[in-house]
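Here's the letter readout for the chains.
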Amino acid sequence: PLDGVPVAVKETVDVKGYFNNQGTRFLAGITGRSERDCISVARLKQAGAIIVGMTCMHEIGMGVSGCNIQDGGAHRNPHSLGHYAGGSSSGSASAVASGIVPIAVGADGGGSIRIPAGLCGVYGIKPSFARVPDRPDHTVAQCGPIAGTIRDTCLAYLVMSGPDASLPVSRNLPSPHVIGFDQTNSLKGVKVGVYRDYFDHSSPEIREAGWRMVRGIEAMGGEVQEIEIANLDAMRLAHLIIINSEVNTEMDRYFSSDMSLFQIDNQLILSVTRQLSARDYLSALKVRTHAMRVMSRLFETIDVIALPTTAITAPRVGKGAELFGESNLPALGRVARYAFLGNLCGLPGMNIPAGKDSEGLPIGFQLMGGHCREDVILRVANALDHGGYAVQTRPLNYYTNVETLIK
């Protein structure tokens, strides 16, 4: 199904013969070239895809801007080179948005597929936990595709997903499917939950674009109802403790020997995380269990949750960021605001392009589904696309020559 299709892969995923540098300057020199393909890449190759290279990323995946002075500086947004592409799968989203490849592999531990897809105006899906059995060492991260169209996203997801013996829990999941994907004329019977506070705490243009998408779902027969999600601050903190503890454990031997190997923002993050205790981690796991129960009960009454992908569009690259890096916490907090719940609870989430703001920067709209219900969010996304509610525009910096070759 992907015969001859060029695919790029985030630098945190193993591709045989390539370096898995995770956005650092030093890991490649220690680990060398990958000796095997990870499961999702092997499946893409088996389906005929051609891996054309690795994409840049925010260093060790610990950031949502795409600023990495260790690896290309500020990763630029094809829609405006003065703004970030988002992270941490910044290169994958930028490569798709700029027409270099139609599909790229990303990884998402805290929005790292959905956020850059949203900021760059393309599709991106974070599958359910263990649906793509690539990251057994992380409990909040999942690999998934970023693509230029909803159909390419669906196809890549199907190729990449499915059980594997290397991750036993993946064998307990229902088989992946997209039954109903092409039922785009009507969304009758689909129940969509909307948490109003999520929209109210976004920028005015994102709020308006989000409600336009919700009205589109209603116009196609979907049933929209308001929902409440309590204790979100505790859940957000639990996610931060878990993901930072897991990354810190992975990077501890390098950080302990020489913390200057990392850029300054990650020196700060890793230093603070080292102060967390086993008690903190276990407390975070208890909060995660509570959050999973809350979301499980919620999805007994609805099929999907509609929410913004980010609270603001792509942040502007700050002065001196290329040389010294940048840590704009207020902006980054608004970029990452709506991503964590899917990672904490292992739920699938997807970005859908929803037009542009007054500066010409893409706006993202997100759908989150129940565990292993990627089929529902893909169906709703496809209906929004066919109905003309999902809006994509070609960026200023677009490089494909397919149209020329066809002529």
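Fair warning: this is a prediction, and the values are worked out from it, not measured in the lab.

> Explain the sheet that holds strand β8 (residues 123-126) residue by residue, including any values.
If you walk across this open sheet you meet the ten strands as β2-β1-β7-β9-β8-β13-β14-β12-β10-β11, and the pairing is mixed. Unpaired on one side and paired on the other, β2 (50-55) and β11 (223-226) mark the two borders of the sheet. Pairwise comparison of adjacent strand axes, ignoring direction, gives a mean angle of 25° for this sheet. In terms of strand pairing, strand β12 (residues 304-308) meets strand β14 (residues 362-369) through five bridges, oriented antiparallel. Paired with isoleucine 305 across the two strands is methionine 368, which belongs to β14.

> Residue-level account of helix α2 (residues 39-46), with values.
Each full turn of the α-helix corresponds to 3.6 residues, which orients residues three or four apart in the same direction. For α2, the set of buried residues is Ile39, Ser40, Val41, Arg43 and Leu44. Among the structural elements, β1 (6-10), β2, β7 (103-108) and α5 (150-160) are those in contact with the buried residues of α2. Once α2 finishes, glycine 48 follows within two positions and takes phi at roughly 105°, a positive value.

> Provide a residue-level description of the state of the cysteines, including the pertinent values.
Here the structure, examined in full by the defined rule, presents zero disulfides. Of all cysteine sulfurs in the structure, the one in cysteine 143 sits closest to cysteine 38, which takes part in no disulfide; the separation is 5.8 Å. Under the relative-accessibility criterion, cysteine 38 is labelled buried at 6%. Between cysteine 120, a cysteine without a disulfide, and cysteine 56, which holds the nearest cysteine sulfur, the sulfur-to-sulfur distance is 10 Å.

> Residue-level account of the environment of aspartate 200, with values.
You can see aspartate 200 is positioned in helix α6 (residues 196-200). For aspartate 200, a relative accessible area of 38% translates into the label partly exposed. Separated by 111 residues in the primary sequence, aspartate 200 and alanine 311 have C-alpha atoms spaced 9.3 Å apart.

> Describe the packing of α5 against helix α14 (residues 374-386), listing the residues and the values that go with them.
Two elements in contact, α5 and α14, have axes whose closest approach is 10 Å; the angle formed by their N-to-C orientations is 160°. Here α14 runs roughly antiparallel to α5, going by the angle between their axes. Considering how the two elements wind past one another, α5 and α14 form a crossing that is left-handed. Residues Ile150, Arg151, Cys154 and Tyr157 of α5 pack against Glu374, Leu378, Ala381, Asn382, Asp385 and His386 of α14. Grouping the amino acids of the contact of α5 with α14 by side-chain chemistry returns five nonpolar, two polar and three charged.

> I'd love a proper account of the nonpolar core, names of residues and values included.
Of all hydrophobic cores here, the largest spans 38 residues; its most connected members are Leu232, Met235, Phe262, Met295, Ile305 and Leu341. Looking at this core, the elements with two or more residues in it are α8 (232-257), α10 (278-298), β12 and α13 (340-345). Among the elements that make up this core, the one with the highest residue count is α8 (ten residues). Setting aside its immediate chain neighbours within four residues, isoleucine 305 contacts Gly193, Ile227, Met295, Leu298, Phe299, Gln366, Leu367 and Met368. Counting 35 residues, the second largest nonpolar core, distinct from the first, contains Tyr123, Tyr157, Val190 and Trp211.

> Tell me what's going on with unusual backbone geometry, and back it up with residues and numbers.
Here the bond from glycine 87 into serine 88 is cis, since omega is 10°, no more than 30 degrees from zero. Relative to the assigned elements, serine 88 resides in the loop between β6 (80-84) and α3 (90-97). In this model, glutamine 22 sits at a positive phi of 50°, which is unusual for a non-glycine residue. Along the polypeptide, glutamine 22 turns up in the loop between β1 and α1 (27-31). Overall, glutamine 22 belongs to the buried group, its relative accessible area being 10%. Residues other than glycine seldom take positive phi values, yet isoleucine 60 does so here, at roughly 50°. By secondary structure assignment, the location of isoleucine 60 is in the loop between β2 and β3 (67-68). Given a relative accessible area of 6%, isoleucine 60 falls into the buried group.

Calculation notes
Residues numbered from 1 in each chain as written. Predicted model: local features only at pLDDT ≥ 70, side-chain atom pairs only at ≥ 80, totals over all residues. Heavy atoms only, no water. Pairing = 2+ DSSP bridges. Helix = DSSP H or I, 4+ residues; strand = E, 2+ residues; numbered from the N terminus. Axes fitted to C-alpha atoms, helices over the stretch in contact; angles between N-to-C directions. Buried < 20%, exposed > 50% of the residue type's maximum accessible area, 1.4 Å probe, protein only. Contact = heavy atoms within 4.5 Å. Disulfide = S-S within 2.5 Å. Parallel < 35°, antiparallel > 145°, perpendicular 65-115°, else oblique. Left-handed = near helix turned anticlockwise from the far one by under 90°. Nonpolar A, V, L, I, M, F, W, Y, C, P; charged D, E, K, R; others polar. Core = buried A, V, L, I, M, F, W, Y, C linked by side-chain atoms within 4.5 Å.

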